[in-house]
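Structural features, examined
Below are the chains, spelled out letter by letter.
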Amino acid sequence: MLTKSESLKSLQKIFLKQQVVNMSALFKILQTQSRMSIFRRLKEIGYFSSFSHAGKYYTFTNIPQFDENGLWFYQEIGFSRFGTLKATIIELVCGSSAGITHLELSQLLRIKVYNSLLGLVKEGLVGRERIEKSFLYVAPEHGKATEQINRQRTAVTKSVRDVTVVSDTIVIEVLIETIHGGKIEISPSLVAKRLSNRGMLISNKQVEQIFKQYGIPLEKKIL
């Protein structure tokens, strides 16, 4: 194996060049087959492991540019400010003002999360409540969960009655947000939530109206 100094220089060089590497590459770079030695070196420089792809990818700690949800993607490889997939789901669920659905989580994380959600519910780390046809995932604490559920029900009620004409500016923002969805299924509820986070007041029903107007399926895989 390379010396400590050589290892750190090699790691910094490869991360700056490739941004993300897997264990096979690290074995080759550090000239060792010891996973323990590799993790010891990674810990010395600071690193994140991917929450997707079974945690098989690694990046230098100051490379990710995390978004407002604490997520960063290199191609389709996901990294989280919170670490593991389970830790990330807990943060997203508990940090949401009105809870979050399975579909919304899948779209944010770009991977299947049903099994992870089910495990967290069974462990009591996440709660859930059926709202109309979907389960809403909420914080495990009763008080906070109640607040999230009430906000979600209020939003659902508002979206049902608030089907109105929206401005051209909002229409353009909806279409741009839909295009930014990339190669994932994008739903009106996720578009509405993203725009609301940016201070634009628009309901799920209004987004659905725009989808229908422009011939966009309500859950379309954008190519």
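Look up a bit, the structure's there.
Calculation notes
- Residues numbered from 1 in each chain as written.
- Predicted model: local features only at pLDDT ≥ 70, side-chain atom pairs only at ≥ 80, totals over all residues.
- Heavy atoms only, no water.
- Pairing = 2+ DSSP bridges.
- Helix = DSSP H or I, 4+ residues; strand = E, 2+ residues; numbered from the N terminus.
- Core = buried A, V, L, I, M, F, W, Y, C linked by side-chain atoms within 4.5 Å.
- Buried < 20%, exposed > 50% of the residue type's maximum accessible area, 1.4 Å probe, protein only.
- Contact = heavy atoms within 4.5 Å.
- Axes fitted to C-alpha atoms, helices over the stretch in contact; angles between N-to-C directions.
- Parallel < 35°, antiparallel > 145°, perpendicular 65-115°, else oblique.
- Left-handed = near helix turned anticlockwise from the far one by under 90°.
- Salt bridge = Lys/Arg side-chain N within 4 Å of Asp/Glu carboxyl O.
- Phe/Tyr/Trp six-rings, centres within 6.5 Å; stacked < 30°, edge-to-face > 60°.
- Lys NZ or Arg CZ within 6 Å of the ring centre and 35° of its normal.

Our focus in this paragraph is the sheet that holds strand β6 (residues 100-101). Picture the strands of a sheet paired through backbone hydrogen bonds; they go either parallel or antiparallel. If you walk across this open sheet you meet the three strands as β6-β8-β7, and the pairing is antiparallel. Strands with a single pairing partner mark the edges of an open sheet, and in this sheet they are β6 and β7 (127-131). When β7 meets strand β8 (residues 134-138), the two strands line up antiparallel, connected through five bridges. Each residue of the ladder has a partner; that of Gly127, found in β8, is Val138.

In this structure, Ile89, Leu105, Leu109, Val174 and Ile202 are the most contacted members of the largest nonpolar core, which totals 30 residues. The set of elements that each furnish at least two residues to this core consists of β4 (71-74), α4 (85-95), α5 (102-109), α6 (114-123), α8 (168-180), α9 (188-197) and α10 (204-213). Ignoring anything within four residues of it in the chain, the contact list for Ile89 reads Leu105, Leu109, Val113, Ser116, Leu117 and Leu120. Of all hydrophobic cores here, the second largest spans 21 residues; its members include Val21, Leu42, Tyr58 and Phe66.

α9 packs onto α5 with a crossing angle of 70° between their chain directions and a minimal axis gap of 9 Å. Classified by the angle their axes make, α5 and α9 are roughly perpendicular. Remark: the crossing between α5 and α9 carries right-handed chirality. Mapping the contact onto sequence places Glu104, Gln107 and Leu108 in α5 and Ser189, Leu190, Lys193 and Arg194 in α9.

Our focus in this paragraph is unusual backbone geometry. Backbone geometry at Gln19 places phi at a positive 70°, although glycine is not the residue there. Mapped onto the elements of the fold, Gln19 is located in the loop between α1 (4-18) and β1 (20-22). Even without being a glycine, Ala54 presents a positive backbone phi close to 55°. Looking at where Ala54 falls in the secondary structure, it is placed in the loop between β2 (47-49) and β3 (57-60). In this structure Ala54 comes out as exposed when scored by relative accessible area, which is 68%.

Below, the discussion takes up the pattern of salt bridges. If you walk through the whole model with that rule in mind, you get five salt bridges. A salt bridge links Glu44 to Arg41; the shortest N-O distance between them is 3.8 Å. Pair noted here: Glu44 and Arg41 are both in helix α3 (residues 35-45), with a separation of three residues, about one helical turn. Owing to a relative accessible area of 10%, Arg41 belongs among the buried residues under this scheme. With its nearest N and O atoms 3.3 Å apart, the salt bridge here joins Glu129 to Arg153. With Glu129 in strand β7 and Arg153 in helix α7 (residues 142-161), this pair connects stretches of sequence that are 24 residues apart. You can call Arg153 partly exposed: its relative accessible area is 39%.

Between two aromatic rings, the relevant description is the distance of the centres plus the angle of the planes. Under the counting rule described, the total for this entry stands at eight aromatic pairs. Between Phe48 and Phe66, the ring centres sit 5.3 Å apart and the planes meet at 80°, which makes this aromatic pair edge-to-face. Within this pair, whereas Phe48 is found in strand β2, its partner Phe66 is found in the loop between β3 and β4, the two being separated by 18 residues in sequence. Judged on exposure class, the residue Phe48 and its partner Phe66 are both buried. An aromatic cluster of three or more residues is present, and its members are Phe39, Tyr47 and Tyr58. Lying over the aromatic face of Phe73, Arg110 brings its terminal NZ or CZ to 3.9 Å of the ring centre. Over the face of the ring belonging to Phe135 we find Arg130, whose NZ or CZ atom lies 4.4 Å from the ring centre.

Okay, the sheet that holds β3 next. Across the sheet, three strands lie side by side as β1-β3-β2; this open sheet has antiparallel pairing. Strand pairing shows two members of the sheet lacking a second neighbour, β1 and β2, which therefore form its edges. Going across the sheet, the axis of each strand differs from the next one's by a mean of 30°, ignoring polarity. Both β1 and β3 contribute to a ladder of three bridges, which runs antiparallel. Across the sheet, residue Asn22 finds its bridge partner in β3, namely Tyr57. Where helix α2 (residues 23-30) meets the sheet, its contacts fall on β1 and β3, and the angle it forms with β1 comes to roughly 85°.

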